[in-house]
Amino acid sequence: MYLRIRDLREDYDLTQKQVSAYLLCDQSLYSKYERMERELPLQFAIKLAEFYHVSVDYLVGLTDEKNPYPKRK
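If you're wondering where the values come from, they're calculated on a predicted model, not measured in any experiment.

(A) Quick peek at the packing of aromatic side chains. Following the criterion strictly, the structure yields four aromatic pairs and no others. Between Tyr-22 and Phe-51, the ring centres sit 4.6 Å apart and the planes meet at 35°, which makes this aromatic pair tilted. Of the two residues, Tyr-22 sits in helix 2 (residues 16-23) while Phe-51 sits in helix 4 (residues 42-52), which places them 29 residues apart along the sequence. When its relative accessible area of 32% is taken as the criterion, Tyr-22 is described as partly exposed. A connected cluster of aromatic rings, assembled from ring pairs, spans Tyr-12, Tyr-22, Phe-51 and Tyr-52. For the cation-ring pair, Lys-47 lies above Tyr-22, with the distance from its terminal atom to the ring centre recorded as 5.0 Å.

Rules behind the numbers
- Residues numbered from 1 in each chain as written.
- Predicted model: local features only at pLDDT ≥ 70, side-chain atom pairs only at ≥ 80, totals over all residues.
- Heavy atoms only, no water.
- Phe/Tyr/Trp six-rings, centres within 6.5 Å; stacked < 30°, edge-to-face > 60°.
- Helix = DSSP H or I, 4+ residues; strand = E, 2+ residues; numbered from the N terminus.
- Buried < 20%, exposed > 50% of the residue type's maximum accessible area, 1.4 Å probe, protein only.
- Lys NZ or Arg CZ within 6 Å of the ring centre and 35° of its normal.

In structure tokens, the structure reads:
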């Protein structure tokens, strides 16, 4: 599985420290998510997808379509 979290972070000119602060985790732990040394928890994937305005499917490499799904009413 290919995670796009590093590419998105760099596209937004953010540091790992900034993103880890948003996720309320340690920078070294976030770094392991980017390097795929640790599995990204679903709750973090959802938060990052919302933060970057992409779908979780895009985030984890299941699609190349960035647009998130419409919210349920």
